[in-house]
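# Understanding the architecture of this molecule
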2 protein chains.
Amino acid sequence: MSVIYKRVSLIGLGLIAGSMALAMRRAGLAGEITGYARSAETRDTAREIGLCDRICDSAAEAAKDADLVVLCVPVGAMEAVARDIAPVLKPGATVSDVGSVKRTVIEAVSPHIPDGVHFIPAHPLAGTEHSGPRSGFAELFDNRFCILVPQPDSDRAAVDSLAALWRGMGANVDEMDADHHDLVLAVTSHTPHLIAYTMVGVADDLRRVTDSEVIKYSAAGFRDFTRIAASDPTMWRDVFLNNKDATLEILGRFTEELFALQRAIRQGDGDHLFDYFTHTRAIRRGIIDAGQDTDAPDFGRAKAQKG
Amino acid sequence: MSVIYKRVSLIGLGLIAGSMALAMRRAGLAGEITGYARSAETRDTAREIGLCDRICDSAAEAAKDADLVVLCVPVGAMEAVARDIAPVLKPGATVSDVGSVKRTVIEAVSPHIPDGVHFIPAHPLAGTEHSGPRSGFAELFDNRFCILVPQPDSDRAAVDSLAALWRGMGANVDEMDADHHDLVLAVTSHTPHLIAYTMVGVADDLRRVTDSEVIKYSAAGFRDFTRIAASDPTMWRDVFLNNKDATLEILGRFTEELFALQRAIRQGDGDHLFDYFTHTRAIRRGIIDAGQDTDAPDFGRAKAQKG
Ligand SMILES: NC(=O)c1ccc[n+]([C@@H]2O[C@H](COP(=O)([O-])OP(=O)(O)OC[C@H]3O[C@@H](n4cnc5c(N)ncnc54)[C@H](OP(=O)(O)O)[C@@H]3O)[C@@H](O)[C@H]2O)c1
Ligand SMILES: NC(=O)c1ccc[n+]([C@@H]2O[C@H](COP(=O)([O-])OP(=O)(O)OC[C@H]3O[C@@H](n4cnc5c(N)ncnc54)[C@H](OP(=O)(O)O)[C@@H]3O)[C@@H](O)[C@H]2O)c1
């Protein structure tokens, strides 16, 4: 593939930025990649492993002269970073982000974008529970979706270039409205994470079952929950603070349905339970048919292995 | 390893029985293995793939002359099967089961066990979301726990033989009281499954997000939930009907904690969220250190692959 942006700047050097750097290199999509992270420690690690061509000591230095700047920091840090880089953005450049919430990021970042610079929010639907500069891998986005959220005044050519970059990194690209994005993600990602965190917390709090028992006997199901609940606390705090309305709506529906199942258990209504459990199976089938997961015992994850 | 039981009879020929047959063969633990399943279809499949040495057309025929009979049917079917085989059980034989709930199974099965026959309930903490005679694999129990629930009058030598069988099939063996077992499993398995079923049901019900969107954009987290929620409806209906008290207790605690997190989101209390999410991470660490899962991106599942 050929170079899409001469210079790409990644602000934040964790799982997502690291994977982007490796995926861009794999396909030769960027002439030069610069990077910046808040802590000297992360910057040193990034230098040590050669994550970018150049690691800078300020966001502005990294963003200077870039054709594409991607904000890869937690959602709550987007505004501060946008403010830092605004003065150096060159006309015609594109600013994007990878935040897991879109409406509040747009509200926080847009006011800082100078005239003549394109702001095109994005969100790759791919991740693991790991974080930091060493956690990235080039295959993270392969066959996953990246959702672009163009703004009403977005330049079509700029959107197309960004879409080409994500396709070049292995992703399928879709476009969506910010509010719809936030609702879909509240269902498919944010609320499930909150629930997993809660269940793991309950297990830990139960005095009559010791921690070591919880750990020793954690069967399938719970093990998956603990993995989800091991995700980065800062990232997830910011997600819930910033996708408040949609998450609260889905949580309301969730507790409503859970109470109905709870009543069925209390009343011994086996038919209700059986029908409910039969119904949810079909959704799994759909996900496998859509190629988003596999039926194999390793659930297709070997493919995403670091190497 | 050497033969522990001359003749083992498996009643029910699904994931667990199938995996037991393969694991017993792998280590040469049984002289002959007989099997029975309710439907002619399952029995034919079992014959076709050579799952046991002999597939019988009634539970009594399969259990006749057996030194060990293992009930591998859904929890709600245990009593009927126990009644069927009771007349043919030979003195000195052991009856065991693999049900996911122990108190109600003991209450249902014990009255049917003749004098001179040992009843030693068990539960291997291993499974997948697949079921049926083709879903078993020899490695399912490797490095997992099998919990034995000996009764007050259990013969020590009989318990030791059953423990040796499970160790021979790759499992670590522990003993536990029935009520404690049911509480521990309500935390580590039953409630997580109910929650996963519920979340998948909510996703399916939400009119403003289409099914195809849920499927297409199902990110990590939700994908795991759909896998859990694809488990066998009969098995799980029986689990909840039979582990009612413990499940309802854990569900009560779960909703209490969930409401606290929900309020933190509503009030924008980022510190509460951050602290909660940080705390749950430690449990994951413990599970990895205990060797129950791995930190690798394929989560150790490749090991459990069918071959
Ligand atoms: N992980 C996922 O599953 C996933 C999936 C899709 C999208 N996302 C989104 O992608 C973004 C990054 O996530 P990630 O998983 O890559 O996170 P990560 O691995 O934790 O990396 C975050 C990076 O942001 C930097 N950073 C944090 N706070 C900052 C601040 N106030 N100013 C400047 N830099 C700061 C960190 O620097 P230090 O190391 O120096 O602290 C680190 O380099 C988030 O918005 C998240 O919502 C995540
Ligand atoms: N799956 C897990 O994750 C897991 C883990 C640990 C323990 N367990 C426990 O293990 C037991 C079996 O589970 P499994 O996963 O192996 O189930 P499975 O794959 O669905 O197999 C169940 C077997 O039981 C037979 N059966 C069902 N109802 C019966 C009845 N009324 N009379 C006689 N046979 C009947 C079925 O026969 P047909 O095929 O002819 O219907 C089938 O052969 C359950 O008690 C479950 O709680 C399951």
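Quick note: structure is the one above.
Described below are features of the structure shown in this document. Worth saying up front: this structure is predicted, and the values here are computed from it rather than measured.

## Focus: the pattern of salt bridges
Enumeration according to the criterion identifies 40 salt bridges over all chains in this entry. Here B:Arg103 and B:Asp179 are joined by a salt bridge, their closest N and O atoms 2.9 Å apart. Of the two residues, B:Arg103 is situated in helix 5 (residues 103-109) and B:Asp179 in helix 7 (residues 178-205); the sequence distance between them amounts to 76 residues. By relative accessible area, B:Arg103 is classed as partly exposed at 26%. A single network of salt bridges, built from pairs that share partners, joins A:Arg43, A:Asp44, A:Arg47 and A:Asp57.

## Quick look at the relation of the copies chain B and chain A
A rotation about some axis, followed by a shift along it, carries one copy of the chain onto the other. Mapping chain B onto chain A calls for a screw motion: a turn of 180° about the axis and a shift of 0.0 Å along it, with 0.0 Å RMSD after fitting. In the structure described here, the two chain copies are related by an operation that fits a two-fold rotation axis. A shared interface surface links the copies, since 100% of the contact residues of chain B are contact residues in chain A too.

## Examining the site of ligand 1
All names here are of chain A. Surveying the vicinity of ligand 1 reveals 26 residues, the closest of which are Arg 38, Ser 39, Thr 42, Val 73 and Ser 100. Within the backbone of Leu 15, one N or O atom sits 2.9 Å away from an oxygen atom of ligand 1. Thr 42 is positioned such that a nitrogen or oxygen atom in its side chain is 2.6 Å from an oxygen atom of ligand 1. Burial of ligand 1 by the protein amounts to 86% of the accessible area it has alone, namely 910 Å². Only helix 1 (15-27) and strand 7 (122-124) provide two or more residues apiece to the shell around ligand 1. Per-class residue counts for the shell around ligand 1 are 14 nonpolar, 11 polar and 1 charged.

## Some details on the interface of chain B and chain A
How large an interface is tends to be reported as the accessible area lost when its parts come together. Counting residues at the interface gives 102 residues for chain B, matched by 102 residues for chain A. Here chain B meets chain A over a buried area of about 10,100 Å², counting both sides, of which 70% is carbon and sulfur. By the criterion of area lost to chain A, the three top residues of chain B are B:Tyr217, B:Ile265 and B:Phe277, representing 7% of everything that side buries. At the boundary of chain B and chain A, one finds 4 salt bridges. For B:Lys216, the salt bridge identified is with A:Asp174, shortest N-O distance 2.8 Å. Counting residues per element, the ones that place at least two in the side of chain B that touches chain A are strand 8 (145-148), helix 7, helix 8 (211-216), helix 9 (222-228), helix 10 (233-242), helix 11 (244-267) and helix 12 (270-289) of chain B. Ranked by residue count, the leading element in the side of chain B that touches chain A is helix 7 of chain B, at 20 residues. Its residues placed into classes, the side of chain B that touches chain A shows 50 nonpolar, 26 polar and 26 charged.

## Section: the side chain of A:Ser19
With respect to the helices, strands and loops of the structure, A:Ser19 is situated in helix 1. Looking at A:Ser19, the relative accessible area reads 0%, which means it is buried.

The rules behind the values
- Residues numbered from 1 in each chain as written.
- Chains lettered and ligands numbered in written order.
- Predicted model: local features only at pLDDT ≥ 70, side-chain atom pairs only at ≥ 80, totals over all residues.
- Heavy atoms only, no water.
- Salt bridge = Lys/Arg side-chain N within 4 Å of Asp/Glu carboxyl O.
- Helix = DSSP H or I, 4+ residues; strand = E, 2+ residues; numbered from the N terminus.
- Buried < 20%, exposed > 50% of the residue type's maximum accessible area, 1.4 Å probe, protein only.
- Least-squares fit on C-alpha atoms with pLDDT ≥ 70 in both.
- Contact = heavy atoms within 4.5 Å.
- Near = heavy atom within 4 Å.
- Polar contact = N/O pair within 3.5 Å; in protein donor to acceptor, adjacent residues only side chain to side chain.
- Areas by Shrake-Rupley, 256 points an atom, 1.4 Å probe, with all protein chains shown as cover.
- Nonpolar A, V, L, I, M, F, W, Y, C, P; charged D, E, K, R; others polar.
- Buried area = accessible area lost by both parts, 1.4 Å probe.

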